[in-house]
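Here are the chains, one letter per residue:
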Amino acid sequence: MKVLITGGAGFIGSHVVRLFANKYPDYHIYNLDLLTYAGNLENLKDVENLPNYTFIKGDIVDQYFIDGLFETYKFDSVIHLAAESHVDRSIADPLAFVKTNVIGTMNLLNAFKTLWKDNFKSKLFYHISTDEVYGSLGQEGFFTEKTSYDPNSPYSASKASSDHFVRAYGETYGMPYIISNCSNNYGENQFPEKLIPLFINNIIHNKPLPVYGDGNYTRDWLYVKDHAIAIDLVFHKGKNHETYNIGGFNEWKNIDLVKLLCQQMDEKLNREKGTSEKLITYVKDRPGHDLRYAIDATKINKELGWKPSVTFEEGLDITIDWYLSNEDWLQSITNGDYQNYYQKQYH
Ligand code: NAD
């Protein structure tokens with residue numbers, strides 16, 4: 001089976017590529033990634049020489065490139081993760097999110113429709129999405145697969161739009177698809193613009209920890225390797241034309257999470273208790289900030305037997321240890337050196 005994974009050099013994508021390339025030697029894994037600021041091939045050093053793995057640098061927004069690529073490789077299925085993924089960047093430049101997340105997804109849908117010639121046997125378009133498409137919850141309740149879409153940021157609006165197009169290609173043309181909507185991920189190799197790695201990096205360097213608003217925004221956190229395991233299960237056992245919510249049943253107010261992180265970092269860095277908390281700085285709120293996200297992951301648990309394998313404290317512990325023992329990685333990300341890796345490795 002020729003499996004295309006888009007965005008495989010990104011945070012979640014690199015964990016999915018590693019899992020699939022190692023677990024399924026009979027599959028050939030094609031990792032298609034533009035290597036934007038968020039894509040880092042150093043994340044996949046341990047995979048790049050496997051015989052069943054090929055990296056392809058390219059832009060999903062470039063329709064001619066995509067059409068040609070599909071003619072050459074004739075993929076059997078796709079796990080589509082490539083996206084612009086940072087809400088703050090979507091507020092600054094919404095159009096970039098429309099291009100990659102909406103037009104890019106459309107180009108893939110059209111290329112698969114042409115390639116598969118409406119013969120969809122054993123084919124699958126698996127679209128990776130986010131819980132942010134559901135908008136914001138009040139103090140109570142959970143997002144289920146039946147919750148209406150109500151996106152509030154340009155990022156979530158672009159992801160919601162791409163979800164709708166995937167579903168529409170399923171209903172209109174009969175394309176086999178699955179969508180999963182996951183909560184906030186954390187773990188190894190996450191670009192340090194996102195909350196947990198940003199704060200770990202800032203604590204290491206005694207820099208302020210900027211907390212939006214009053215810090216009461218609530219998110220449901222999931223360890224990235226548990227997300228990759230869920231993606232594997234959904235890809236192989238999920239039902240055609242279905243949606244699965246993936247989450248950790250693990251809600252944290254931002255401020256409580258930051259305090260836990262500070263405590264764990266103080267212990268690991270042998271700093272006096274309370275040292276890192278002094279770095280917390282409240283900053284002006286993000287516009288359109290959703291108050292609370294919480295996933296009801298009952299369906300994937302009941303139907304596919306998935307549940308998170310680690311608690312939040314365990315996952316955070318592993319994550320902090322990884323960042324502390326990979327300061328070179330953090331350094332090369334923050335000074336931009338990682339962007340030369342492709343040149344060095346692939347000329
Ligand atoms: P990321 O930003 O770390 O990685 C995105 C990858 O896509 C990068 O490697 C980047 O180079 C690549 N890419 C961007 N534009 C491209 C283009 N035009 N053509 C080809 N490649 C391109 O993102 P992530 O956090 O790993 O998220 C992956 C997917 O999972 C996204 O679709 C995101 O919406 C979804 N998701 C993320 C989270 C989370 O907490 N990070 C939660 C739920 C869902």
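Described below are features of the structure shown in this document.

Cut-offs and rules
Residues numbered from 1 in each chain as written. Predicted model: local features only at pLDDT ≥ 70, side-chain atom pairs only at ≥ 80, totals over all residues. Heavy atoms only, no water. Axes fitted to C-alpha atoms, helices over the stretch in contact; angles between N-to-C directions. Helix = DSSP H or I, 4+ residues; strand = E, 2+ residues; numbered from the N terminus. Parallel < 35°, antiparallel > 145°, perpendicular 65-115°, else oblique. Left-handed = near helix turned anticlockwise from the far one by under 90°. Contact = heavy atoms within 4.5 Å. Nonpolar A, V, L, I, M, F, W, Y, C, P; charged D, E, K, R; others polar. Pairing = 2+ DSSP bridges. Core = buried A, V, L, I, M, F, W, Y, C linked by side-chain atoms within 4.5 Å. Buried < 20%, exposed > 50% of the residue type's maximum accessible area, 1.4 Å probe, protein only. Salt bridge = Lys/Arg side-chain N within 4 Å of Asp/Glu carboxyl O.

### Some remarks on the packing of helix α6 (residues 195-204) against helix α10 (residues 312-325)
Alright, step 1. At their nearest, the axes of α6 and α10 sit 11 Å apart, and the two run at 55° to each other. With respect to α10, the element α6 is oriented oblique. As α6 packs across α10, the resulting crossing turns out to be right-handed. Residues Ile196, Pro197, Ile200 and Ile204 of α6 form the contact with α10, whose participating residues are Phe312, Leu316, Thr319, Ile320, Tyr323 and Leu324.
Alright, step 2. Taken together, the residues that form the contact of α6 with α10 break down as 9 nonpolar, 1 polar and no charged.

### Thoughts on the sheet that holds strand β3 (residues 53-57)
Alright, step 1. Read across the sheet, 7 strands follow the order β3-β2-β1-β4-β5-β6-β10 without closing on themselves; strand pairing throughout is parallel. The open sheet is flanked by β3 and β10 (242-246), the only strands paired with a single partner. Strand-to-strand twist of the sheet, defined as the mean angle between neighbouring strand axes without regard to direction, takes the value 20°.
Alright, step 2. Relative to β3, strand β2 (residues 28-33) runs parallel, the two being bridged by 5 bridges. Paired with Asn31 across the bridge in β3 is Phe55.
Alright, step 3. Those strands touched by helix α4 (residues 94-116) are β1 (2-6), β4 (77-80) and β5 (124-130), and its axis lies near 170° from that of β5.

### So, the nonpolar core
Alright, step 1. In this structure, Ile5, Phe20, Ile29, Ile79, Tyr126 and Ile300 are the most contacted members of the largest nonpolar core, which totals 41 residues.
Alright, step 2. Among the secondary structure elements, those contributing two or more residues to this core are β1, α1 (11-23), β3, β5, β6 (177-182), α7 (224-237), β10 and α9 (298-304).
Alright, step 3. Looking at this core element by element, the count peaks at 7 residues for α7.
Alright, step 4. Ignoring sequence-local partners within four residues, the contact set of Ile29 consists of Val3, Ile5, Val17, Phe20, Ala21, Asn52, Tyr53 and Thr54.
Alright, step 5. Judged by nonpolar contacts, the second largest core, of 31 residues, contains Tyr186, Phe199, Trp252 and Leu257.

### What to know about the pattern of salt bridges
Alright, step 1. Evaluated as defined, the whole model comprises 12 salt bridges.
Alright, step 2. Of the charged contacts, one joins Lys123 and Asp76 as a salt bridge, the two residues approaching to 3.5 Å between their closest N and O atoms. Note that Lys123 is positioned in the loop between α4 and β5 and Asp76 in the loop between α2 (63-73) and β4, a separation of 47 residues in sequence.
Alright, step 3. Lys123 gets classed as partly exposed once you look at its relative accessible area, which sits at 22%.

### What to know about unusual backbone geometry
Alright, step 1. A positive phi is found at Phe249, a non-glycine position, where the angle reads about 45°.
Alright, step 2. In this fold, Phe249 is placed in the loop between β10 and β11 (251-253).
Alright, step 3. Within the chain, Asn270 stands out as a residue other than glycine whose phi angle is a positive 55°.
Alright, step 4. Its location among the elements puts Asn270 in the loop between α8 (254-268) and β12 (280-283).
Alright, step 5. Classification of Asn270 by relative accessible area gives exposed; the value is 72%.

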